[in-house]
Amino acid sequence: MTTSVVKSTWPSPSFRDPTKQELVSPWSSLNLKWTPSKKFVNAVHKHITPLIKRLIDLKKNTEDLKVVSASLKETGSSGAKTMLGRTPLMGIPKFENAQYLGTNRRSECALLIAEGDSAKKPAENSNRDFYALFALRGKPRNTLGISPADVIKNEEMKNLIRILNLKFDVDYRIEKNRKTLNVPSLVIVADQDHDGAHIVGLIITLFVCHFPTLLQGDPCFIKRFITPIIKATYQKKVYDFYSQDKFERWVQDHGGYSELKGLKTKYYKGLGTFDSKEAKALFQKDIKKCMISLKYQGSETDELIQRMFDDGHADSRKDLVETAFREYGKPSEDRLEMYRPINYQD
């Protein structure tokens, strides 16, 4: 509803009663003739057109959210047990539930998102009481600049949203709303290569673009599971390295290969390279140690996501990558440190 207020002066007005609350003078007594100027028409068009567009977009978004809500209520199996009155999670491909997911012990749980079956297999060694597991089938969709209805057309994104019990129109800056989620954190389990980094970025983009209040309320909601690229055994001690560059620096600090008599190294191409014993150690004994928080930093993070995933920022993206190589000599993953939260630029 739009209300307009017009101020006018009426000569010799007539009112219905002495209180003068209702004017009864006929319009014809004004002899009013008015043709709006071009300047006035342009000004009205300038201010009204964006308002009309906003109203149309609001109506479309409202309709989209109704479609999204109805779609997310779909269940893969009838009669499935609901968690705390939430959407049942039976029938989601590549998803393995955790015993306490969505219960009053949800604060102890996490959802592990694996980069395909190769990453899912070692992650199956995690404590299944507290760690749910969802394996992605291929790379997720880039959700920058698309509507909620388009987001859930992608089956992987739709299932991830269902598993977490996310709602597009909820303000997750409010703690009681965050507690409606099935888990308090999400852990991305991907290879330590460029493909793995791309998948991490695409998942982050979903939250930055469509669930920003969740990251605003809990900046460390998203975590990454990091694994060593190289294990070096020297003088009965085992050293883990998370980048080739750090390993080479360690070798040089010890006088080079010629001085490291008896050095043994094992290279890990991806998570599928770890044997069963190593996988158990990573996902049982060392699971907390291998998690780093990808800390959301407001507008700085938003800008980086735009630069990295918006098709219109190709030149800016090139400059960002070139700067990373120039300043650090290697891609930014070399700057990871295990025991502190990192920001998205790291």
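Note that residues are indexed from 1 along each chain, following the sequence as it is written. Thresholds applied to this predicted model are a pLDDT of at least 70 for local features of residues and 80 or more for the giving and counting of side-chain atom pairs; totals over whole chains, interfaces and linings are not thresholded and use all residues. Computation of side-chain values covers all heavy atoms of the structure but excludes hydrogens and water.

### Notes on the overall build of the chain
Inference 1: Each helix is a run of DSSP H or I of at least 4 residues and each strand a run of E of at least 2, with the numbering of both proceeding from the N terminus. Secondary structure summary: the chain contains 11 helices and 10 strands in total.
Inference 2: Taking all 346 residues of the chain together, the buried fraction comes to 41%.
Inference 3: Residue contacts are counted whenever heavy atoms from the two residues lie within 4.5 Å of one another. By sequence separation, contacts in the chain at least 24 residues apart represent 62% of the contacts at least 6 residues apart.
Inference 4: Surface exposure of the chain reaches about 20600 Å², of which carbon and sulfur atoms provide 52%. Partly exposed residues are those whose accessible area sits between 20% and 50% of the maximum for their type, while under 20% is buried and over 50% is exposed, using a 1.4 Å probe and protein chains only. Calculation of accessible area relied on Shrake-Rupley with a 1.4 Å probe; when residues are assessed, cover is drawn exclusively from the protein chains displayed.

### A look at the confidence of the model for the chain
Inference 1: The quantity known as pLDDT measures the predictor's confidence residue by residue, on a range of 0 to 100. Confidence along the chain averages 79 in pLDDT terms, with 77% of residues attaining 70 or more.
Inference 2: Considering each helix and strand of the chain separately, the mean pLDDT is smallest for strand S10 (residues 342–343), with a value of 44, and largest for helix H7 (residues 212–217), with 96.
Inference 3: Overall, residues 75–87 carries pLDDT values under 50, and its contacts beyond four positions in sequence, including any with other chains, amount to 29 contacts.
Inference 4: Counting interchain partners and residues more than four positions distant, the pLDDT-below-50 stretch residues 324–346 has 52 contacts.

### What about the nonpolar core?
Inference 1: By size, the foremost hydrophobic cluster in this structure holds 65 residues, and its most contacted members are Leu 111, Leu 186 and Phe 207.
Inference 2: Residues within four places of Leu 111 in sequence aside, it is in contact with Phe 95, Ala 132, Leu 133, Phe 134, Leu 160, Ile 163, Leu 164, Val 183, Ser 185, Leu 186 and Val 187.
Inference 3: Remark: nonpolar core denotes a set of buried residues (Ala, Val, Leu, Ile, Met, Phe, Trp, Tyr, Cys) joined through side-chain atoms within 4.5 Å. Core analysis: the second largest hydrophobic core is formed by 10 residues, Ile 229, Ile 230, Tyr 234 and Phe 241 among them.

### Some thoughts on the packing of aromatic side chains
Inference 1: Put simply, two rings from Phe, Tyr or Trp (the six-membered ring, in Trp's case) pair if the centres are within 6.5 Å, and we call them stacked under 30 degrees between planes, edge-to-face over 60, tilted for the rest. Overall, the coordinates contain 12 aromatic pairs when judged by the stated rule.
Inference 2: Seen from their ring centres, Tyr 234 and Trp 250 are 6.3 Å apart, and the 80 degrees between their planes marks the pair as edge-to-face. With Tyr 234 in strand S6 (residues 230–234) and Trp 250 in helix H8 (residues 244–253), this pair connects stretches of sequence that are 16 residues apart.
Inference 3: Tyr 234 gets classed as buried once you look at its relative accessible area, which sits at 11%.

### Focus: the environment of Cys 290
Inference 1: Mapped onto the elements of the fold, Cys 290 is located in the loop between helix H9 (276–285) and strand S9 (291–295).
Inference 2: C-alpha separation for the pair Cys 290 and Pro 228, spaced 62 residues apart in sequence, amounts to 9.3 Å.

### Let's talk about the sheet that holds strand S7 (residues 237–241)
Inference 1: The three strands are arranged S7-S6-S8 in an open sheet whose pairing can be described as antiparallel. Each of the sheet's edge strands pairs with one partner strand only, and the pair in question is S7 and strand S8 (264–267). Strand after strand, the sheet turns through a mean of 20 degrees between neighbouring axes, direction not considered.
Inference 2: One requirement defines pairing of two strands: DSSP has to find at least two bridges between them. Summarising the sheet, S6 and S8 pair through four bridges and their orientation is antiparallel. If you follow Thr 233 over to S8, its bridge partner there is Lys 264.
Inference 3: For helices, the axis comes from a line fit to the C-alpha atoms of the stretch in contact; other axes are also lines fit to C-alpha atoms, and the angle between any two N-to-C directions lies between 0 and 180 degrees. Docked against the sheet, H8 engages S6, S7 and S8, running at close to 20 degrees with respect to S6.

### Focus: H8
For an α-helix, 3.6 residues make a turn, and residues three or four places apart therefore share a direction.
Inference 1: All buried positions along H8 are accounted for by Asp 245, Phe 247, Trp 250 and Val 251.
Inference 2: The inward-facing, buried residues of H8 contact S6, S7 and S8.

### Notes on the side chain of Asn 177
Inference 1: When you line up the elements, Asn 177 lands in helix H5 (residues 175–178).
Inference 2: Ignoring anything within four residues of it in the chain, the contact list for Asn 177 reads Val 170, Asp 171 and Tyr 172.

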